Amino acid sequence: MQLQDKSAIAPRSYDIAEWHKGYRSVSQELDYEIDEIEGEIPVELNGTLFRNGPGLLDINGQPFHHPFDGDGMICAIAFQNGRAHFRNRFVRTEAFVEEQQAGRILYRGVFGTQKPGGILANAFDCRIKNIANTNVIYWGGKLLALWEAAEPYRLDPQTLETLGKDDLDGLLPPGGAIAAHPHVDPVCAADGGTPCLVNFAMKPGLSTTLTVYEFSPSGRLLRKRSHATPGFAFIHDFAISEHYAIFFQNPVSFNPLPWLLGLRGAGQCITFQTGKPTQAIIVPRFGNAPVKTIPVEAGFVFHHANAFEQDNVLVVDSICYEALPSVEPGADYRQTNFESLAPGQLWRFRFDLERGTVEQQRLEDRCVEFPSVHPNHVGRPYRYAYMGAAHHPTGNAPLQAILKLDLLTGERQLFSLAPHGYAGEPVFVPFPDGSAEDDGWVLSLFFNGKQERSELVILDARDLTQGAIARLTLKQHIPYGLHGNFYPMTFHHF
Ligand code: CO
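Throughout what follows, the structure given in this document is the object of discussion.

How each quantity is defined
- Residues numbered from 1 in each chain as written.
- Predicted model: local features only at pLDDT ≥ 70, side-chain atom pairs only at ≥ 80, totals over all residues.
- Heavy atoms only, no water.
- Helix = DSSP H or I, 4+ residues; strand = E, 2+ residues; numbered from the N terminus.
- Rg over C-alpha atoms; globule rule 2.2 N^0.38 Å.
- Buried < 20%, exposed > 50% of the residue type's maximum accessible area, 1.4 Å probe, protein only.
- Contact = heavy atoms within 4.5 Å.
- Areas by Shrake-Rupley, 256 points an atom, 1.4 Å probe, with all protein chains shown as cover.
- Lys, Arg positive; Asp, Glu negative; His and termini not counted.
- Charge placed at Lys NZ, Arg CZ, Asp CG, Glu CD.
- Patch = residues over 30% accessible without salt bridge, like charges linked within 9 Å, V, L, I, M, F, W, Y side chains within 5 Å.
- Salt bridge = Lys/Arg side-chain N within 4 Å of Asp/Glu carboxyl O.
- Pairing = 2+ DSSP bridges.
- Axes fitted to C-alpha atoms, helices over the stretch in contact; angles between N-to-C directions.
- Arc of directions from axis to C-beta.
- Core = buried A, V, L, I, M, F, W, Y, C linked by side-chain atoms within 4.5 Å.
- Phe/Tyr/Trp six-rings, centres within 6.5 Å; stacked < 30°, edge-to-face > 60°.
- Lys NZ or Arg CZ within 6 Å of the ring centre and 35° of its normal.

## Focus: the overall build of the protein
The helix and strand tally for the protein stands at four helices and 35 strands. Expected size for 494 residues packed as a compact globule is a radius of gyration near 23 Å; at 21 Å, the protein falls within 12% of this value. Principal axes of the C-alpha set define a box for the protein whose edges measure 60 × 60 × 55 Å. Of all 494 residues assigned to the protein, the portion counted as buried reaches 57%. A separation threshold of at least 6 residues defines the contact pool for the protein, and within that pool the share at least 24 residues apart is 62%. Element-wise, carbon and sulfur atoms account for 51% of the exposed surface of the protein, whose accessible area totals about 19,800 Å². Charged side chains of the protein number 41 positive and 55 negative; the gap between the two group centres comes to 4 Å.

What follows is the structure, encoded as structure tokens:
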């Protein structure tokens, strides 16, 4: 599919050297009430934003090959009556503690980090370093740092102290993996309208076994369904609708030999198979109706924005790339040439489950990532999508803005902090007494390349064009992160 018009290259809205500065290790774990505030924190905004991402990019100057190999660090920003408190802590995984004590890299990373000592030091060392760096959720009374290739780590939500690995009440075997992208069904049809958390696990082999798990608000396993799909699968995220869990199995192959021989990380042995279709795997969440697989021309998908059912059509909105960006052994991620890469763009897929057909349509040309919706509209018809976005409407570039897309009218609103600001994932927080779908705030952690510090930006989700309600400048920088969530409990005593 034609993803972009490559002739339309916009002038740069950013300075690449400044962008680099967001990729530096964090050296301090801090606790403080935020006092550098432009604007005012809404007094109705009460709760805690938890966010995960790589906090280390090196150990004693030995660089990780890719930020995705960086050890997870949780930031918690707690709000109460117009005040905000910041705290950051590394997830003290076993490997993190060992490497900090040794002062050097002891483990290979999935995305190409090698131990010092060349091939001989790395060949046949297939231990996985659980870096717990991708997402952080509070569910069933537990705060869990998630990484898709191993078990979660549990943390104290007040102090962010690491409490240890968590096997989800015996569900996971030692080292057992669960994905880092759970979705909460706000009104589960099978549970009398109570919320449930849906997540999945993948077991690789000649065929890949996908298992969908659904958990009650207390963390109890409600439902489990497994499905084997032919071939290797690399699936980071999925989508849920009222009755389905939807997976996009992108066309990739895996040759583990260079990994075994110490030449590449496991993630670098995945090759995108251009021209082959993605398989959309549609798993009924309740009952025993058969799983449906429908081929789609979808490029590569990391994240889905949402899915819903309407008039016998299953709609899935996803951010698509032309191909899986490769992480080459000799390449330095900081030398990324954005202009040479195709952007991620939002597409809509409309599946006719009776006929097994699909129609697809591009919804947004702009380079976007980290889609977010009102939590009560997850898996349901929705009107507004919020995404991290490039400053210019065409071409590929770092995320410097938050885009609100009205899927009904096509209206777009952009809040940009270009040229010095670099956006993180937007998190939608509903107003406590809100009724409209956009009655809420959007929170996003930006890196400010000029100040070399990060700031939390609070936007009015109804109108991004009015600028920030408040900008809270932190005392340090937070490296470009991954995912997080907001909960209405304030996990701090002011
Ligand atoms: Co993700």
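Let us keep going from here.
## As for a nonpolar patch on the surface
A cluster of nonpolar side chains, Ile119, Phe124, Leu257, Leu261 and Leu263, forms an exposed patch at the surface whose accessible area comes to about 490 Å². Summarising the element assignment, leucine 257 is placed in helix α4 (residues 257-260). Under the relative-accessibility criterion, leucine 257 is labelled partly exposed at 47%.

## A look at the pairing of strand β13 (residues 196-203)
Counting buried residues in β13 gives six out of eight residues, a clear majority hidden from the surface. As judged from the three bridges shared by strand β12 (residues 183-185) and β13, these two strands associate in the antiparallel manner. Paired with histidine 183 across the two strands is valine 198, which belongs to β13. The turn joining β13 and strand β14 (residues 207-215), which pair antiparallel and follow one another in sequence, is formed by three residues.

## A short note on the pattern of salt bridges
Inspection of every chain in the model, using the stated rule, returns 29 salt bridges. Note that glutamate 29 is salt-bridged to arginine 92, the shortest N-O span being 2.8 Å. Within this pair, whereas glutamate 29 is found in the loop between α1 (16-20) and β1 (31-33), its partner arginine 92 is found in the loop between β7 (83-90) and α2 (94-102), the two being separated by 63 residues in sequence. By relative accessible area, glutamate 29 is classed as partly exposed at 29%. Among the ionic contacts, a cluster of salt bridges with common partners joins Asp185, Asp191, Glu214, Arg223, Arg285 and Arg380.

## Concerning the sheet that holds strand β22 (residues 300-310)
If you trace the four strands from one edge of the open sheet to the other, you get β22-β23-β24-β25, paired in antiparallel fashion. The open sheet has two edge strands with one neighbour each: β22 and β25 (357-364). Adjacent strand axes in the sheet meet at a mean angle of 25 degrees when their direction is disregarded.

## Concerning the sheet that holds strand β35 (residues 484-487)
Pairing is antiparallel across the open sheet formed by five strands, whose spatial order is β1-β7-β6-β3-β35. Two strands close off the open sheet at either side, each with one partner strand: β1 and β35. Along the sheet, successive strands turn relative to each other by an average axial angle of 15 degrees, direction set aside. The pairing of strand β3 (residues 47-54) with β35 spans four bridges and is antiparallel. Across the sheet, phenylalanine 50 pairs through a bridge with asparagine 485, a residue of β35.

## Observations concerning unusual backbone geometry
In this structure, proline 419 follows alanine 418 across a cis peptide bond, with omega equal to 10 degrees. For proline 419, the position within the fold is in the loop between β29 (412-416) and β30 (421-422). At asparagine 60, a position not held by glycine, the phi torsion is positive, near 50 degrees. Note that asparagine 60 resides in the loop between β4 (58-59) and β5 (62-63). A positive phi angle, near 55 degrees, is found at phenylalanine 370, a position not held by glycine. With respect to the helices and strands, phenylalanine 370 occurs in strand β26 (residues 368-372).

## Re α2
Buried within α2 are the following residues: Ala95, Phe96 and Glu99. Along α2, the residues classed as buried sweep out an arc of 100 degrees about the axis, all on the same side. Following α2 by one or two positions, glycine 103 has its phi on the positive side, about 75 degrees.

## Things to note about the nonpolar core
Of all hydrophobic cores here, the largest spans 41 residues; its most connected members are Phe247, Phe300, Leu324 and Leu346. Apart from residues no more than four positions distant in its own chain, leucine 324 is found in contact with Phe234, Val252, Ile270, Phe272, Phe300 and Phe302.

## Details of the packing of aromatic side chains
One pass over the structure, following the stated rule, counts 31 aromatic pairs. Between phenylalanine 200 and phenylalanine 247 the ring centres are 5.1 Å apart and the planes differ by 80 degrees, which places this aromatic pair in the edge-to-face class. Here phenylalanine 200, found in strand β13, pairs with phenylalanine 247, found in strand β17 (residues 244-249); they are 47 residues apart in sequence, far enough to count as distant. In this structure, phenylalanine 200 and phenylalanine 247 share a single accessibility class: buried. Through a chain of ring-to-ring contacts, the aromatic side chains of Tyr14, Trp19, Tyr23, Phe338, Tyr422, Phe447 and Tyr480 assemble into a single cluster. Directly above the aromatic system of tyrosine 384 lies the positively charged group of lysine 404, at a separation of 4.4 Å from the ring centroid. Seen from the ring of tyrosine 32, lysine 475 lies directly overhead, with NZ or CZ sitting 4.8 Å from the centre.

## Here's the deal with the side chain of aspartate 191
Note on placement: aspartate 191 falls in the loop between β12 and β13. Sequence-distant contacts of aspartate 191, defined by excluding residues within four places in its chain, comprise Cys196, Leu222 and Arg223.

## With respect to the environment of alanine 342
Residue position: alanine 342 is located in the loop between β23 (313-321) and β24 (345-352). Note on alanine 342: relative accessible area 16%, which makes it buried.

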